[in-house]
Amino acid sequence: MTRLPLILLVCLLAWLPPQASARLMGPPESWQLPGGGRDLAQIRSSGQLRVLINQSRNSSGEVKGQSIGVEHHRLQAFLQYLNRNARSGRNIELKLIPRPKDQLLGALLRGEGDLVAPGEMLEVRQGQPVVATEPFRSQVPLVVVSRQGNRRYRSLEQLAGRSLLLPAGSAVSGALKAVNRRLAERNLEPLAIEWVDSSLAVEDVLEMVQAGIFPRTAVEQPIAERWAKVMPKLRIDRHLVLSSDGDISWFVRRDAPMLHASVDRFARTYHDPENLDADFQRVYRRLYRVHSPLGRQDLQRLEKVRPVLQKHAEQTGLDWLMLAALAFKESTLNPAARGAGGATGLMQITPAAARSVGVGNVQLLDNNVLAGSRYLAKIRRTYFSSPQINDRERMAFTLAAYNLGPERVQALRAEARRRGLNGNQWFFQVERVAMEQLGMGVVSYVGAVNKYYLAYDRERDWLEPRGKGAVSQR
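Within each chain, residue numbers correspond to sequence positions counted from 1 in written order. Local features in a predicted model are, by the rule used here, given only for residues with pLDDT of at least 70; side-chain atom pairs are given and counted only at 80 or more, and totals for whole chains, interfaces and linings are based on all residues. Only hydrogens and water are set aside when side-chain values are computed; all heavy atoms of the structure are taken into account.

Asks: Break down the packing of aromatic side chains for me, with residues and values.
Replies: Any Phe, Tyr or Trp ring, taking Trp's six-membered ring, that has another such ring centre within 6.5 Å forms a pair; planes under 30 degrees apart are called stacked, those over 60 apart edge-to-face, and the others tilted. Enumeration over the complete set of coordinates arrives at 19 aromatic pairs. Ring centres 6.1 Å apart and planes at 45 degrees place the aromatic pair Tyr383 and Phe384 in the tilted group. Each residue's exposure class comes from its accessible area (1.4 Å probe, protein chains only) as a fraction of the maximum for that residue type: buried when under 20%, exposed when over 50%, partly exposed otherwise. Overall, Phe384 belongs to the buried group, its relative accessible area being 0%. In this arrangement the basic side chain of Arg226 is found over the ring face of Phe280, its NZ or CZ atom lying 3.9 Å from the centre. Only when the NZ of Lys or the CZ of Arg is both within 6 Å of the ring centre and within 35 degrees of the ring normal is a charge said to sit over the ring. One residue, Arg413, lies across the ring of Phe397, its end atom 5.0 Å from the ring centre.

Asks: Give me the lowdown on a positive patch on the surface, citing residues and values where you can.
Replies: Only residues whose relative accessible area exceeds 30% and that form no salt bridge are eligible for patches; like-charged ones are grouped when within 9 Å, while nonpolar side chains (Val, Leu, Ile, Met, Phe, Trp, Tyr) are grouped when within 5 Å. Accessible surface is estimated by sampling points in the Shrake-Rupley manner with a 1.4 Å probe; for residues, cover comes only from the protein chains shown. A pair is scored as a salt bridge if a Lys or Arg side-chain nitrogen falls within 4 Å of a carboxyl oxygen belonging to Asp or Glu. Counting rule for charge: Lys and Arg are taken as positive, Asp and Glu as negative, and neither His nor the chain ends is counted. Lysine's charge is taken at NZ, arginine's at CZ, aspartate's at CG and glutamate's at CD. Residues Lys233, Arg285, Arg286 and Arg289 make up a contiguous surface patch of positive charge. Here a strand is any run of E in DSSP of at least two residues, a helix any run of H or I of at least four, and the numbering for each starts at the N terminus. Among the structural elements, Arg285 can be located in the loop between helix H10 (278–284) and helix H11 (296–316).

Asks: Would you mind going over the pairing of strand S10 (residues 216–220) in detail, with residue names and values included?
Replies: Of all five residues in S10, five are buried; the element is thus mostly enclosed. Two strands form a pair only when DSSP identifies at least two bridges running between them. In the sheet, strand S7 (residues 137–147) pairs with S10 via five bridges, with the strands oriented antiparallel. Along S10, the bridge assignment pairs Ser146 with Arg216.

Asks: Give a detailed account of helix H16 (residues 406–418), specifying residues and quantitative values.
Replies: Here a helix's expected span is defined as the number of its residues, less one, multiplied by 1.5 Å. For H16, spanning 13 residues, the distance from its first C-alpha to its last is 19 Å, which sits close to the expected 18 Å at 1.5 Å a residue. Here H16 has its buried residues at Pro406, Val409, Leu412, Arg413, Glu415 and Ala416. The elements touched by buried residues of H16 are helix H14 (365–383), helix H15 (391–404) and helix H17 (426–438). Phi turns positive, to about 85 degrees, at Gly420, one or two residues after H16. The contact rule is simple, with two residues in contact once any of their heavy atoms fall within 4.5 Å.

Asks: Let's hear about the environment of Asp39: which residues, and what values?
Replies: Tracing the chain through its elements places Asp39 in the loop between helix H2 (20–25) and helix H3 (40–46). Separated by 220 residues in the primary sequence, Asp39 and Leu259 place their C-alpha atoms 5.8 Å from one another. The contact partners of Asp39, leaving out residues within four places of it in the chain, are Asp255, Ala256, Pro257, Met258 and Leu259.

Written as structure tokens, this is what we have:
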């Protein structure tokens, strides 16, 4: 009874292709990669090269028709290279797809793009079926960056036990493992990482270091040097090198060998133009100027208005520290401030906006904060209450509407969706459309309030004292 089924089983196994079991037991072959990958032939056939770009403004971005991301010239030059060598005569167009840096490779493997151009060093996890192209910059130092006037450290050993504030996807985390091993061999405490909010890219962290909100960060030296041109208070500690063996490259899937070969040939002869940062400096020269809201006089002002901010924030379901951050941006916490267009007081609200939420005489501090908080809550409730918008993005949209008007923000969201961007995300998505159409005004406004909020939130336990006078005793 058992011999016949056994014989049949042996025969069936013999009919299987000889390499089938070997493929299943070994690492994934190219045909097993997730998503729909395309090589150069399919890209040429479609007429479109889809490039996954780091959403950081350092890497990509356009301000009123002026492209200023560090990858812009490289990508345009590569597109010209591809079209110059097209046998069919059909030109390829470029489609840029912005994603968070730490999500770029995952999106590539899902087939959402053909190429990753991060503009920064990017770490590939072991086993990921992606390959780096020929580097555009080799042996890039990762250096510590702090604020001019801060304590100088002669060596990494002197930094033992201190923290580096890093954006998501930073290549510093990998380099820090080797540094900490060396520190451990000398019985020294490790350098710690404090990951910052996802709304902050590398340039935002550098701005907060310049402002004195964050004590220090670490970044690729070319990126630090680029942003130091528009952030003059940054100090690049070139002698504090975490590593110097990394490259800045592009990345393709392992199953796209022809695209890989084309990028390699292009990269070997490409050189950045000499005036690469001319437009960058002109556009950003006066924009990255937040300053710390935690100075002694600023904290004294905050303590005076804290009770009224907390009262009306609680009544309207807002975070009082968000109100404080907005008030710091609008009036530097000065209840007597006067602005353009009739805006007045701590929240710089106009009498017309106050009347729309049932509040008069905004010269009074209590009425001013009541009107501002009600108006913000009304904007949030009317326009941005969708559960598809998370709380951080909802706050950003509300701030943009407070500055720009809700209808204009809704128009920006609609245009973002039309372009395939995420209309429910302000940071790095809808703000891209705002940068292109309106310039950096509202983007800088929301970014500044967000940074002040994060500065306050980092000190929340201390700013919400249980005992009277706790703030002044720090």
